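Survey of secondary and tertiary structure
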Amino acid sequence: MKTIILDFTDAKVKVLEHEPMQIEEMEELLYEKHGLKESSIEWMTVEELEIEDLGKEKV
């Protein structure tokens, strides 16, 4: 499994590879082991990660 983390504190996208686990275990891993703050991140767990480049758009 892979968890994709949007970390708003440092404007980074982080990927954490791990064994399948319950949500409570995942939250413990993110917040206690890795020191991330619940109010500063969004995360999603997937089996396979595919990154799609939407290209650059002139604004």
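Structure: see above.
Predicted, not measured: the structure shown is a model, and the values here were computed from it.

**Section: the overall build of the protein chain**
Regarding its fold elements, the protein chain presents one helix and three strands. Principal-axis analysis of the C-alpha atoms places the extent of the protein chain at approximately 40 × 25 × 15 Å. A separation of at least 24 residues holds for 44% of the contacts in the protein chain among residues at least 6 apart in sequence. Total accessible area computed for the protein chain in this model is approximately 5300 Å², and 48% of it derives from carbon and sulfur atoms. Side-chain charges of the protein chain comprise 7 positive and 17 negative groups, with the mean position of each set lying 12 Å from the other.

Procedures and definitions
- Residues numbered from 1 in each chain as written.
- Predicted model: local features only at pLDDT ≥ 70, side-chain atom pairs only at ≥ 80, totals over all residues.
- Heavy atoms only, no water.
- Helix = DSSP H or I, 4+ residues; strand = E, 2+ residues; numbered from the N terminus.
- Contact = heavy atoms within 4.5 Å.
- Areas by Shrake-Rupley, 256 points an atom, 1.4 Å probe, with all protein chains shown as cover.
- Lys, Arg positive; Asp, Glu negative; His and termini not counted.
- Charge placed at Lys NZ, Arg CZ, Asp CG, Glu CD.

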